Amino acid sequence: MPERPIGSALKALAGSNVSRGFESRPLCLTNYRLDRRFVLLAVGTNVMVAGVAAALALFLSSVAVLAWIFGLLALAAVVNAVRVFAFPPVVVRTDPGGLRLGGPLTVKPIHVPWLDVEDVTIDSARLFVDRGGDAVIAFPLAYVGSRATELLRDIYDRLNTANGYRRFTPS
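Below is a summary of the structure that appears in this document. None of these values were measured; they are calculated from a predicted model.

## Quick notes on the sheet that holds strand 7 (residues 136-140)
Taken in spatial order, the three strands make up an open sheet running 5-6-7, and their pairing is antiparallel. One side of each edge strand has no neighbouring strand; the edge strands of this open sheet are strand 5 (119-122) and strand 7. Taken over all neighbouring pairs, the strand axes of this sheet differ in orientation by 20 degrees on average, direction set aside. Examined bridge by bridge, strand 5 and strand 6 (residues 126-130) share four bridges and lie antiparallel to one another. If you follow Asp 119 over to strand 6, its bridge partner there is Asp 130. Sheet contacts for helix 4 (residues 148-163): strand 5 and strand 6; angle to strand 5, the most-contacted strand, approximately 165 degrees.

So this is what it looks like as structure tokens:
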């Protein structure tokens, strides 16, 4: 069985830098999902709706059509609760083109291109994205939970990449 070249042997065989074309983390798409404390609230609401619908389906079993409707509603609520628990909704998405803040169960989604961002600041619980003029977007960091510091580092890295220099530094 022939040996496969590794490391510097692979570079010598290729005659060039084999890592050329590798894009670092700031150039890929990154999703930040809703924190579990908010997800559990949505799951609980779905389970309560499922319980009420199942009870109504049992009480209205004499009317077959209504029983089926409430039974299907209960099933749909349980399936939605499992889906939200297994795959929490994305509330922040960063990509090479910009930043999307918000999503299901939070605030209305807003897309901000990196070149439109003039400043990014934080206070104890919120991220402020200044788009120039009077347009400042405030986003609660509690929505991303423990990944808040990772989100801030990602935003600063992407702003530096988009602007081509080291302007933004996390504080």
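## Things to note about the pattern of salt bridges
By the definition in use, this model includes six salt bridges. One salt bridge connects Arg 37 with Asp 35, and the closest N-O pair in it is separated by 2.6 Å. With a closest N to O distance of 2.9 Å, Glu 150 and Arg 147 form a salt bridge. When its relative accessible area of 38% is taken as the criterion, Glu 150 is described as partly exposed. Overall, the relative accessible area of 28% leaves Arg 147 in the partly exposed class.

## Details of the packing of helix 2 (residues 36-59) against helix 3 (residues 64-86)
At a closest axis distance of 8 Å, the pairing of helix 2 and helix 3 adopts a crossing angle of 165 degrees. Judged on the interaxial angle alone, helix 3 and helix 2 are roughly antiparallel. Here helix 2 runs over helix 3; the crossing is left-handed. Its residues assigned to classes, the contact of helix 2 with helix 3 comprises 20 nonpolar, three polar and one charged.

## Regarding the pairing of strand 6
If a strand is regular, its side chains alternate between the two faces of the sheet. Linking strand 5 back to strand 6 in an antiparallel pair, the connection comprises three residues. Inspection of the sheet shows strand 6 paired to strand 7 by five bridges, in the antiparallel sense. When the bridges of strand 7 are listed, Arg 126 appears paired with Pro 140. Hairpin remark: strand 6 followed by strand 7, antiparallel, with five residues in the connecting loop; positive phi at Gly 132, about 95 degrees.

## Some words on the nonpolar core
Val 92, Leu 101, Leu 127, Val 129 and Ile 155 are the most contacted members of the largest nonpolar core, which has 28 residues in total. Of all the secondary structure elements, the ones that give two or more residues to this core are helix 2, helix 3, strand 2 (90-95), strand 3 (98-101), strand 6, strand 7 and helix 4. Of the residues forming this core, the biggest block, six residues, is contributed by helix 4. Those residues in contact with Val 129 that lie beyond four places of it in its chain are Leu 99, Leu 101, Val 112, Val 117, Asp 119, Ala 135, Val 136 and Ile 137.

## Points about the environment of Leu 101
Looking at the secondary structure, you find Leu 101 in strand 3. The class for Leu 101 is buried, based on a relative accessible area of 1%. Spatially, the C-alpha atoms of Leu 101 and His 111 are 6.5 Å apart, while their sequence positions differ by ten residues. Setting aside chain neighbours within four positions, we find Leu 101 in contact with Val 91, Val 92, Lys 108, Pro 109, Ile 110, Leu 127, Val 129, Ile 137 and Phe 139.

## Observations concerning the side chain of Thr 94
On the secondary structure map, Thr 94 appears in strand 2. At 2.6 Å, the side chain of Thr 94 and the side chain of Asp 154 are in polar contact. Residues contacting Thr 94, with those up to four places away along its chain left out, are Cys 28, Leu 29, Thr 30, Tyr 32, Leu 99, Trp 114, Leu 151, Asp 154 and Arg 158.

Reading the values: rules and limits
Residues numbered from 1 in each chain as written. Predicted model: local features only at pLDDT ≥ 70, side-chain atom pairs only at ≥ 80, totals over all residues. Heavy atoms only, no water. Pairing = 2+ DSSP bridges. Helix = DSSP H or I, 4+ residues; strand = E, 2+ residues; numbered from the N terminus. Axes fitted to C-alpha atoms, helices over the stretch in contact; angles between N-to-C directions. Contact = heavy atoms within 4.5 Å. Salt bridge = Lys/Arg side-chain N within 4 Å of Asp/Glu carboxyl O. Buried < 20%, exposed > 50% of the residue type's maximum accessible area, 1.4 Å probe, protein only. Parallel < 35°, antiparallel > 145°, perpendicular 65-115°, else oblique. Left-handed = near helix turned anticlockwise from the far one by under 90°. Nonpolar A, V, L, I, M, F, W, Y, C, P; charged D, E, K, R; others polar. Core = buried A, V, L, I, M, F, W, Y, C linked by side-chain atoms within 4.5 Å. Polar contact = N/O pair within 3.5 Å; in protein donor to acceptor, adjacent residues only side chain to side chain.

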